[in-house]
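Next come the chains, spelled out residue by residue.
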Amino acid sequence: MTANDDGAPAVRQLRLVIEAEDYEAAVAFFRDALGLPEQAAFSGEGDARVVILDAGRATLEIANPAQKRLIDEVEVGRQVAPKFRVAFEVGDTRSVNDRLLEAGAASVAPPTITPWQSLNARLDAPGDVQITLFEELNTLEERSTLDGFGTERGRSDAAGS
């Protein structure tokens, strides 16, 4: 991990910014229905408004086109994802999926067990955002024993051997 001179990580937060035509519906969906706690909100001239919701730990998942196609095939059964999709790890995919459908999301695909042992559901959410809910069914240690798991650095080291 890259760090600053003081030893702190060079990047401290990943923030995804969504422009939502129906701001109130998007806030109600993500804050109230999904349960992301409000960290801060700001308003400015001309009715400018923004809310920052805490989504816990952030990761950046980079997939090549073949993996994107594979994920769509596994989760949905066809190619549907835009170039950007937001995934939320939850404790109970089925109940959160039901709650978000009641809050206005549209189902793209119901909860499905993936080959990497997570229970995933795909939804179209307010703000024109496609989301995946995922619940890990095994620990990272258990998943790491499955075929295809590892790290990119580990793959590079193995290829160079």
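Above this text you will find the structure in question.
Below, the structure is looked at part by part. Keep in mind that this is a model prediction, so the values were computed, not measured. (Residues numbered from 1 in each chain as written. Predicted model: local features only at pLDDT ≥ 70, side-chain atom pairs only at ≥ 80, totals over all residues. Heavy atoms only, no water.)

### Notes on the pattern of salt bridges
Scanning all chains against the criterion turns up seven salt bridges. Of the charged contacts, one joins Glu38 and Arg31 as a salt bridge, the two residues approaching to 3.0 Å between their closest N and O atoms. Note on Arg31: relative accessible area 31%, which makes it partly exposed. Across the pair Arg143 and Glu136 runs a salt bridge, and its minimum N-O distance is 3.4 Å. Taking relative accessible area as the criterion, Arg143 reaches 10% and is therefore assigned buried. Assessed through its relative accessible area of 27%, Glu136 is described here as partly exposed. Put simply, Lys68, Asp72, Glu75 and Arg122 are held in one network by salt bridges that share partners. (Salt bridge = Lys/Arg side-chain N within 4 Å of Asp/Glu carboxyl O. Buried < 20%, exposed > 50% of the residue type's maximum accessible area, 1.4 Å probe, protein only.)

### Considering the nonpolar core
Phe29, Phe30, Leu34, Phe88, Leu100, Ile131 and Leu133 are the most contacted members of the largest nonpolar core, which totals 16 residues. When contributions to this core are tallied by element, the ones reaching two or more residues are α1 (23-33), β3 (86-89), α3 (93-102), β5 (118-125) and β6 (129-136). Excluding its chain neighbours within four sequence positions, the residues that come into contact with Leu34 are Phe29, Phe88, Val96, Arg99, Leu100 and Leu133. (Core = buried A, V, L, I, M, F, W, Y, C linked by side-chain atoms within 4.5 Å. Helix = DSSP H or I, 4+ residues; strand = E, 2+ residues; numbered from the N terminus. Contact = heavy atoms within 4.5 Å.)

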